[in-house]
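# Commentary on secondary and tertiary structure
For reference, the chains in residue letters:
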Amino acid sequence: MKNNKAINLLIAANIISGFATGITMISIPWYFNQTLNDPHLFLNIFFIITFICLFWGVFAGSIVDRFKRKNIFIYAAIICSIIVLTASLIGYLNNKIHWLIVATVFGFTVFYYNIYYPNLYAFAQEITEKKYFGKINSYLEIQGQATSMIAGAIAAILLEGTHNKNIIFGSKKIYLGFDINPWGLEKIFLIDGLTYIIAAIIISFVYYKKIKKINVEKGKLIKRLYSGFNFLIKNKKILIFGIFSYMIFAFLIIEMFTLLPEYIIKVLDGQASVFASQEVVYSIGAITSGLLVAKIFNNNKNAITGIIIFMFSTFIICMGMFFVPTIIMLFITSFILGITNAGTRILRITYIFNHVPNNYIGRVNSIFNIANVIIRLILITIFINKFFTTDQNVIYAYFICGIIILLSIIPLLIYNYDS
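Definitions and limits used
Residues numbered from 1 in each chain as written. Predicted model: local features only at pLDDT ≥ 70, side-chain atom pairs only at ≥ 80, totals over all residues. Heavy atoms only, no water. Helix = DSSP H or I, 4+ residues; strand = E, 2+ residues; numbered from the N terminus. Rg over C-alpha atoms; globule rule 2.2 N^0.38 Å. Buried < 20%, exposed > 50% of the residue type's maximum accessible area, 1.4 Å probe, protein only. Contact = heavy atoms within 4.5 Å. Lys, Arg positive; Asp, Glu negative; His and termini not counted. Charge placed at Lys NZ, Arg CZ, Asp CG, Glu CD. Core = buried A, V, L, I, M, F, W, Y, C linked by side-chain atoms within 4.5 Å. Axes fitted to C-alpha atoms, helices over the stretch in contact; angles between N-to-C directions. Left-handed = near helix turned anticlockwise from the far one by under 90°. Nonpolar A, V, L, I, M, F, W, Y, C, P; charged D, E, K, R; others polar. Salt bridge = Lys/Arg side-chain N within 4 Å of Asp/Glu carboxyl O. Phe/Tyr/Trp six-rings, centres within 6.5 Å; stacked < 30°, edge-to-face > 60°. Lys NZ or Arg CZ within 6 Å of the ring centre and 35° of its normal.

### Thoughts on the overall build of the chain
Helices and strands together make up the secondary structure of the chain, namely 14 helices and two strands. Relative to the compact-globule value of 22 Å for 419 residues, the chain shows a C-alpha radius of gyration of 21 Å, a close match. Sorting the 419 residues of the chain into buried and exposed places 58% on the buried side. Once local pairs closer than 6 in sequence are excluded, the contacts in the chain between residues at least 24 apart make up 84%. Computing the positive centroid from 33 side-chain charges and the negative centroid from 16, the chain places the two 16 Å apart.

Written out as structure tokens, the structure reads:
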């Protein structure tokens, strides 16, 4: 690769910021579900943040296509570090953090994700030769999931601390040899805020050569947005592919932040260690996917077939969570979901890299993300009903998600047949 050093620095920054942010995003849903014992409050917060993302996502995509992507990384990291470090300072000064501040950190982290990942993939496409698209996406997936795995393992310790020098992984005890007290959110936010700064410093040392000249569109925002929509209108197959291949990710976000904490507490009677441990198991599945998927499904036709297989497997996962609610099943489904979501993301992004010019990719990905946000809003609107947070009724949410994923396979089957 011509920009190998730049890619290595990009991955290094991604590891450092992703590690602490991963712990934060595991800790916050658990805080609302277990510490405050108010999952319904978190559902409302999540709905509001997701709704705002409808508008922010469009704007973020146009920023990615308009400005230097290296600078976007730096400015986004600095803004987030200020927000998160301020929340940490308030927590230290008051010996506690109000839920509104926790919700603010969660919201800004979600907004950060909404510009960070479109920017990350657009930048990766910009500095990578076409023949390496599959490889770079696999690298990013493996690195991201390895980071998530470590973050999940550490979160399992930090959220509950040790028990007589033992840490709990799922239902197993592992002797650590020393005691660790549970961490409060103010400490977790402090580490998170500092890692944003470190990541920004690393990105500032990234130097690269563009693979080919990009014609940056510099018109007014509305005109640039219309241009992105017009590209997809002219390429309807890409539009259909982008919307429906995103369905596993929509389910994953809803599950991680709303369904899973409730499922573990109400259905499995589990603790924070179970919630964080399944993230480790998920990451192992995702790393496995990153190592194998690009080699198995190595062309456009195979990519769509692979996504269809992964979506059907995710449907089976949802049915497993509905019919067999046990901790063992949770870990099995987490591992398989890691494979299916990561595999789908690698194949989807590589396909988009090959079919969407780099000067459109930020806006195109944002449009796909808007469709995904609308789907998530619909699901949150359904699951915000107190029926799903009463007793063990959250299992019905998994059944509904499974059926939606199954139905979403149909357009991809038609598309694959016509291709």
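Read on, since the account is not over.
### Some points on the nonpolar core
Core analysis: the largest hydrophobic core is formed by 137 residues, its most contacted members being Phe-32 and Phe-106. Of the residues forming this core, the biggest block, 16 residues, is contributed by helix α9 (residues 247–267). In contact with Phe-32, other than residues within four places in its own chain, are Asn-37, Asp-38, Pro-39, Leu-41, Phe-42, Ile-45, Trp-99, Val-102 and Ala-103.

### What about the packing of helix α2 (residues 39–66) against helix α4 (residues 99–127)?
Two quantities define a packed helix pair, namely the angle between the helix axes and the distance between the axes. Across the interface, α2 lies against α4 with an axial gap of 9 Å and an inter-helix angle of 30 degrees. You can see that α2 and α4 cross each other, and the crossing is right-handed. Contacts between α2 and α4 involve Leu-41, Phe-42, Ile-45, Phe-46, Ile-49, Ile-52, Cys-53, Trp-56, Gly-57, Ala-60, Ile-63 and Val-64 on the former and, on the latter, Trp-99, Ala-103, Phe-106, Gly-107, Val-110, Phe-111, Asn-114, Ile-115, Pro-118, Asn-119 and Ala-122. Residue composition of the contact of α2 with α4, by class: 19 nonpolar, four polar and no charged.

### Looking at the environment of Asn-95
Along the chain, Asn-95 falls in the loop between α3 (69–94) and α4. Residues Asn-95 and Val-356 lie 261 residues apart in sequence; the distance between their C-alpha atoms is 50 Å.

### Some remarks on the side chain of Glu-255
For Glu-255, the location among the structural elements is in helix α9. Although Glu-255 is buried, it makes no salt bridge; Arg-345 carries the closest opposite charge, 12 Å away. Not counting the four nearest positions on each side in its chain, Glu-255 is found in contact with Leu-260, Pro-261, Met-321, Leu-337 and Tyr-398.

### Re the pattern of salt bridges
When the charged atoms of two side chains with opposite charge come close together, those side chains can pair. Taken as a whole, this structure holds five salt bridges when the rule is applied. A salt bridge links Glu-126 to Arg-69; its shortest N-O distance comes to 3.0 Å. Here Glu-126, found in helix α4, pairs with Arg-69, found in helix α3; they are 57 residues apart in sequence, far enough to count as distant. Of the two residues, Glu-126 and Arg-69, both sit in the buried class. The shortest N-O distance in the salt bridge between Arg-345 and Glu-141 comes to 2.7 Å. Note that Arg-345 is positioned in helix α12 (residues 327–355) and Glu-141 in helix α5 (residues 133–160), a separation of 204 residues in sequence. What makes Arg-345 buried here is its relative accessible area of 14%.

### What to know about the packing of aromatic side chains
Applying the stated criterion across every chain yields a total of 33 aromatic pairs. Here the aromatic rings of Tyr-31 and Phe-32 are separated by 5.2 Å at their centres, their planes lie at 85 degrees, and the arrangement is edge-to-face. On the accessibility criterion, Tyr-31 (13% relative accessible area) is buried. A connected cluster of aromatic rings, assembled from ring pairs, spans Phe-73, Tyr-112, Tyr-113, Tyr-116, Tyr-117, Tyr-121, Phe-123, Tyr-196 and Tyr-208. Taking NZ or CZ as reference, Lys-70 lies 4.4 Å from the ring centre of Tyr-207, over its face. When the ring centre of Tyr-246 is taken as origin, the NZ or CZ atom of Arg-348, which lies over that ring, is 4.2 Å away.

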